[in-house]
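Summary of the model geometry
Each chain is listed here by its residues.
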Amino acid sequence: MRRLIKAILVLFLAMGAAVAASLLLDIPGGKRFKRYCSYPDMKALMDAEKDDITATVDYERDGTNYTLVVFKPCRFLASGPAVLVYNPDGRLFDKSGDEGDDGRFQRAWPRPWRRRHAETVRRLKAIVMPELFFYAPATMKDFVEFMNQATKDFDDPGVPLEKRGIKFVCKDSVAAKTGPEKPKPDAPLIPCRVGATTAWDALTNVCNSVGCKFVVSQGKVELGE
């Protein structure tokens, strides 16, 4: 009888330890993930949490275009990143605090990104360049050509010359889109001033100004609708 009681106690202790461990895994980053989910729409999220975003991915499912916003891991020993899914109206549609350990999420949203994309995002955020202002009649094609050169010119000087820069491309559907009207008739199309910005902020701000999206992959940024 004593052995049976001991066995039952051991079983309950093991179950309690498993539950406690599961809860503890969620504590690191748990508040951060809850904060991500609290924003009223995708724009508010991206404006407030841009430093934590590692990728944004356009995703078509059943004829509907969604945007997946990928973050740094939010769990201790996480198997994958945290991911929020937004519908075409910019409203939160689905989410996962640990994509790598979330079978339900993986079945709903087969992985459209790779971890190496995060390195390109890191480089975009590390490249400091003169602040730019994007005005009509400059087009997204002009912007892509500008960024192809700027990311080479302002990349880490420690990187070999042939490896500097990030490739920018844009789909035909957005190539002809123009920036907002310039405030002064004599203002340059893409003027640079004394202020500084990052390649990531320049990319985000220009895309927001014309209403297009971008996808980051290894060493490449693609702009589209």
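Before reading further, recall that the structure is shown in the block above.
Residues numbered from 1 in each chain as written. Predicted model: local features only at pLDDT ≥ 70, side-chain atom pairs only at ≥ 80, totals over all residues. Heavy atoms only, no water.

Our focus in this paragraph is the nonpolar core. Judged by nonpolar contacts, the single largest core of 40 residues is most densely connected at Leu124, Met140, Phe168, Leu203, Val221 and Leu223. At seven residues, helix α8 (residues 199-210) tops the list of elements feeding residues into this core. For Leu124, the contacting residues outside a window of four places in its chain are Ile166, Phe168, Thr198, Ala199, Trp200, Leu203, Val216 and Val221. Val57, Val70, Val85 and Trp109 belong to the second largest nonpolar core, which has 10 residues in total. (Core = buried A, V, L, I, M, F, W, Y, C linked by side-chain atoms within 4.5 Å. Buried < 20%, exposed > 50% of the residue type's maximum accessible area, 1.4 Å probe, protein only. Helix = DSSP H or I, 4+ residues; strand = E, 2+ residues; numbered from the N terminus. Contact = heavy atoms within 4.5 Å.)

Pairing is mixed across the open sheet formed by three strands, whose spatial order is β6-β9-β8. Only two strands of the sheet have a single partner each, and these edge strands are β6 (167-170) and β8 (213-217). Between one strand axis and the next, the sheet turns by 20° as a mean value, whatever way the strands run. Relative to strand β9 (residues 220-224), β8 is paired through five bridges, and the arrangement is antiparallel. (Pairing = 2+ DSSP bridges. Axes fitted to C-alpha atoms, helices over the stretch in contact; angles between N-to-C directions.)

What follows is about the packing of aromatic side chains. As enumerated under the stated definition, the model contains seven aromatic pairs in all. Judged by centre distance (5.1 Å) and plane angle (80°), the ring pair of Tyr66 and Trp109 falls under edge-to-face. Within this pair, whereas Tyr66 is found in strand β2 (residues 64-71), its partner Trp109 is found in the loop between α4 (103-108) and α5 (117-126), the two being separated by 43 residues in sequence. The two residues Tyr66 and Trp109 agree in class, both being buried. Put simply, the rings of Tyr59, Tyr66, Phe93 and Trp109 touch in pairs and so form one group of aromatic residues. Above the ring of Trp200, the side-chain terminus of Lys125 is found at 5.0 Å from the ring centroid. (Phe/Tyr/Trp six-rings, centres within 6.5 Å; stacked < 30°, edge-to-face > 60°. Lys NZ or Arg CZ within 6 Å of the ring centre and 35° of its normal.)

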